[in-house]
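# A closer look at the structure
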Amino acid sequence: WMEDRRIGRQPGATVTRMQSERDRMKTVALAAATIVAVVSLAAPRCHASPVEGIAGWEGDGFDQGYGFAMAGVSLLDGRSISIPLRVNGSYLYYNYGAAGEVIRVSGPGSAGLIGIRSTRPWGTMAALAGGEIRWEKREREMPDGASSSVARGGIIAQVEAEFAWSRRLRPFLLANYSGSARYVYGRAGIRWQISNIDWRGPLTWSLGVEGVGQGSADTDAVQGGATVECALVPSRISLSARGGYKDSVSSNGGRRHGGYVGVGLYRRF
């Protein structure tokens, strides 16, 4: 289960461009149908396939962040080629400056994905795609506090990989595109396993470094920091924490910089 225990994250942002009502409803309907299809495929096989749960949160000093919880199964698990199925729920909150105002955006979302994973001696690589719906609320802080809400749907696509560079060092990569948000997120780094190299003990500790780039029509950001993970081997639980420096630029040219932190939980049943 080493290849599957890493914590993922999906981006959390939406854009100001408005679709026509007809096109938006078509997209939402397609996303909903995709999620229903993924759940329907996963349900009959859960009893025979490894089940995993992942949860995480990341926030920064700008009062913005993203949290999620995900459940998934892996069909044909244990073979060189397997089929991951996932459903998740998430919540985002962020803000940006526009025309002298501060706009606050928040909202829950849900998504379903299906993909293919290759597991080889050199590591693992997976590509997934599916549908996503997000219920977005935008509020102006000044002058009147007006707000608006809308449901947005679209495709979601993700690529993830981890490479067995050596017994201790494992580079990793995550890239995600959110169609409902028109948002791109990329994360890459390397982990160094510092204990329990043969995985026979109860705890395995790893340290690492990471770099992140993300952006939408509202804001762009780059960040870098350190990671620490602790795997509880008998329980198949992995806990992680990360943090570092983040530099963010909004659509009107405003710039903010400060720290970010994140936590994650993985459990394989």
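Presented here is an overview of the structure given in this document. Fair warning: this is a prediction, and the values are worked out from it, not measured in the lab. (Residues numbered from 1 in each chain as written. Predicted model: local features only at pLDDT ≥ 70, side-chain atom pairs only at ≥ 80, totals over all residues. Heavy atoms only, no water.)

## Examining the overall build of the chain
- Secondary structure assignment for the chain yields 1 helix and 12 strands.
- In sequence order, the secondary structure elements of the chain are arranged as α-β-β-β-β-β-β-β-β-β-β-β-β.
- In the chain, which comprises 269 residues, the proportion classed as buried is 48%.
- Taking as baseline every contact in the chain between residues at least 6 positions apart, the subset at least 24 positions apart corresponds to 59%.
- Carbon together with sulfur atoms contributes 64% to the accessible area of the chain, which is approximately 12,500 Å² in total. (Helix = DSSP H or I, 4+ residues; strand = E, 2+ residues; numbered from the N terminus. Buried < 20%, exposed > 50% of the residue type's maximum accessible area, 1.4 Å probe, protein only. Contact = heavy atoms within 4.5 Å. Areas by Shrake-Rupley, 256 points an atom, 1.4 Å probe, with all protein chains shown as cover.)

## A look at the environment of V184
- Locating V184 in the fold gives a position in strand 8 (residues 183-193).
- For the pair V184 and G213, spaced 29 residues apart in sequence, the C-alpha separation works out to 8.2 Å.
- Those residues in contact with V184 that sit more than four places away from it in its chain are N176, Y177, G213, Q214 and G215.

## Notes on the packing of aromatic side chains
- Under the definition given, this model contains 2 aromatic pairs.
- Ring centres of W122 and F163 lie 6.2 Å apart, and the angle between their planes is 25 degrees; this geometry places the pair in the stacked category. One end of the pair, W122, is in the loop between strand 4 (101-120) and strand 5 (123-140); the other, F163, is in strand 6 (residues 147-163), and 41 residues separate them in sequence.
- The partly exposed category is assigned to W122, whose relative accessible area is 42%. (Phe/Tyr/Trp six-rings, centres within 6.5 Å; stacked < 30°, edge-to-face > 60°.)

## Let's talk about the nonpolar core
- One finds I54, Y66, F68, M70, L92, Y94, Y96, I103, V105 and Y266 forming the largest nonpolar core, which totals 10 residues.
- Of all elements in the fold, only strand 2 (65-75), strand 3 (81-98) and strand 4 reach the threshold of two or more residues within this core.
- If you look at the next biggest cluster of nonpolar residues, it comprises 5 residues, including A111, L113, A126 and I156. (Core = buried A, V, L, I, M, F, W, Y, C linked by side-chain atoms within 4.5 Å.)

## Quick word on the environment of Q64
- Residue placement: Q64 occurs in the loop between strand 1 (51-60) and strand 2.
- By relative accessible area, Q64 is classed as buried at 8%.
- In the structure, Q64 is positioned 32 residues away from Y96 in sequence and 9.6 Å away in space, judged by C-alpha atoms.
- Here the side chain of Q64 touches N95 through a polar contact of 3.3 Å, landing on its backbone nitrogen. (Polar contact = N/O pair within 3.5 Å; in protein donor to acceptor, adjacent residues only side chain to side chain.)

## Things to note about unusual backbone geometry
- Of note in this structure, N196 is not a glycine but carries a positive phi near 55 degrees.
- On the basis of relative accessible area, N196 is assigned to the buried category, the value being 17%.
- The phi dihedral of R236 is positive, around 55 degrees, even though this residue is not glycine.
- Topologically, R236 is positioned in the loop between strand 10 (219-232) and strand 11 (237-250).
- Accessibility expressed as a relative area gives 36% for R236, which makes it partly exposed.

## Considerations on the pairing of strand 11
- By the bridge criterion, 14 bridges tie strand 10 to strand 11 in an arrangement that is antiparallel. Along strand 11, the bridge assignment pairs T227 with R242.
- Hairpin connection, strand 10 to strand 11: the antiparallel pair is bridged by 4 residues, and R236 has positive phi, about 55 degrees.
- Pairing geometry for strand 11 and strand 12 (residues 255-268), over 13 bridges, is antiparallel. The partner of D247 across the bridge, within strand 12, is H257.
- In this structure, the hairpin formed by strand 11 and strand 12 is closed by a connection of 4 residues, where G253 is found at a positive phi of approximately 95 degrees. (Pairing = 2+ DSSP bridges.)

## With respect to the pattern of salt bridges
- One pass over the full model with this rule turns up 16 salt bridges.
- A salt bridge links K137 to E139, with the shortest nitrogen-to-oxygen separation between them at 3.7 Å.
- E210 is paired through a salt bridge with R242; the nearest N and O atoms lie 2.8 Å apart. With a gap of 32 residues between them, E210 in strand 9 (residues 203-215) and R242 in strand 11 connect regions that are remote in the sequence.
- The buried category is assigned to E210, whose relative accessible area is 7%.
- Residue classification places R242 among the buried positions, given a relative accessible area of 14%.
- If you follow the salt bridges from partner to partner, you end up with E58, R187, E210 and R242 in one network. (Salt bridge = Lys/Arg side-chain N within 4 Å of Asp/Glu carboxyl O.)

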